[in-house]
Amino acid sequence: MLDLTSGLGPESNDDTFTRSTFGARTKDGIKYAAPDAIRFSDIKDLLQGRLTALIIPQFVEGGTAASVAAELERIPLRSQYKNLRDPLLKIGNTLFEAVVEPGSDARISSSGAQALQRYFENAAMMRHLIRQTCEGGGDAPFDRATELLKSIGDAEILTLADRPAFAGLIRILTNGQQILPHQDYFGEDLPQNPFALELARDGAGQLAGNIYLQMPSDGGELVIWKRTFSPAERRALRAHGSDYGADRARLAQPDAVIRPDPGDLILFNSEVLHGVERVKGGNRVSISFFIGVTADGKMRYWS
Ligand SMILES: O=C(O)CCC(=O)C(=O)O
Ligand SMILES: [Fe+2]
């Protein structure tokens, strides 16, 4: 039986700004920066709401992003979220699925130990498969993202009961699909875990990171509302027929609508409400992960 209660394991504001400007530029709470301009203070700014999003344009060169997306789309081992009705395709398994009961509101799975055992076995295999596949396209973008985090602070894969989590989920949204507004927070899935307790402290929090490999011709924007709704508020806002997301019609205008370019890496606070606009004309392929940041500055990533 696995016990998850132990172990854890220079800038400017200006109007002449363009996305391709090197160094760093901030406009309307969105910071665009080259990889070598990223600092741990940017992570803090995202956690504390001074920044809505941090965009690293062309983190993966456009041609590489396209070839990696094409290679990844050939992997037959895809799955859908076991605990969501929406048929969202992905390669790799999320911790959320392993610990949360299908269709529940963040209740821990009763088949917990077995599901977790499978999750950890799958994690190692899938990380290997995805890395191999990406290298076939000439690059391993997720490894580069974790190298970037390591260059700015203490960043490691999240471990649970001394076993490494899976990180670097491939998400494929097909024509007509969207991700409804939701919040992602480790503590809601595993509230008693020591890492969850660390993330609940003042100055700690959770970011989402996505590397966009392929974008549809229309739609697929990342949409962010800079506010957090309680579980009860989210239940009240829930879209008809959805077991996770809010009804857009009941929400105010979002604070940011970002259309990623292929190759961009974007970080934002996953604890605020966010979603993805309906995809039209082609698949949207991304590599998705979370970063839990503790009050003393440890960054632990998983998917
Ligand atoms: O794909 C995106 O732009 C964001 C997906 C998302 O909900 C997340 O990363 O938490
Ligand atoms: Fe999310």
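Further up the page is the structure itself.
Residues numbered from 1 in each chain as written. Chains lettered and ligands numbered in written order. Predicted model: local features only at pLDDT ≥ 70, side-chain atom pairs only at ≥ 80, totals over all residues.

Novice: Before we go on, may I ask you to explain the sheet that holds strand β16 (residues 274-276) in this structure?
Specialist: Through backbone hydrogen bonds, the strands of a sheet pair up, either in parallel or in antiparallel fashion. On the basis of which strands lie adjacent, the open sheet formed by 4 strands has the order β10-β16-β13-β14 and antiparallel pairing. Looking at which strands have only one partner, the edges of the open sheet turn out to be β10 (179-182) and β14 (256-258). Strand-to-strand twist across the sheet, computed as the mean angle between neighbouring axes with direction ignored, equals 15°. Bridging between strand β13 (residues 222-224) and β16 involves 3 bridges; their strand directions are antiparallel. Directly across from L222, in β16, lies its bridge partner V276. (Pairing = 2+ DSSP bridges. Helix = DSSP H or I, 4+ residues; strand = E, 2+ residues; numbered from the N terminus. Axes fitted to C-alpha atoms, helices over the stretch in contact; angles between N-to-C directions.)

Novice: Any chance you could explain the nonpolar core here in plain terms?
Specialist: Across soluble globular proteins, you tend to see nonpolar side chains buried next to one another. Within the largest apolar cluster, 74 residues are counted, with the highest numbers of intra-cluster contacts made by L207, Y301 and W302. When sequence neighbours within four positions are dropped, the list of residues in contact with L207 reads I43, L46, L267, F268, N269, S270, F290, I291 and V293. (Core = buried A, V, L, I, M, F, W, Y, C linked by C-beta atoms within 7 Å. Buried ≥ 20, exposed ≤ 12 C-beta atoms within 10 Å, placed from the backbone. Contact = placed C-beta atoms within 7 Å.)

Novice: Would you mind going over the site of ligand 1 with me for this structure?
Specialist: Taken together, I179, D184, A208, N210, L222, S270, H274, V276, S286 and S288 make up the full set of residues adjacent to ligand 1. Those elements giving two or more residues to the shell around ligand 1 turn out to be β11 (205-214), β16 and β18 (284-293). For the shell around ligand 1, the class distribution of residues is 4 nonpolar, 5 polar and 1 charged. (Near = placed C-beta within 6 Å. Nonpolar A, V, L, I, M, F, W, Y, C, P; charged D, E, K, R; others polar.)

Novice: Could you clarify how one ought to interpret the environment of D247 in this entry?
Specialist: Note that D247 resides in the loop between α8 (231-237) and β14. Spatially, the C-alpha atoms of D247 and L237 are 5.9 Å apart, while their sequence positions differ by 10 residues. D247 has contacts with L237, R238 and A239, leaving out every residue within four places of it along the chain.

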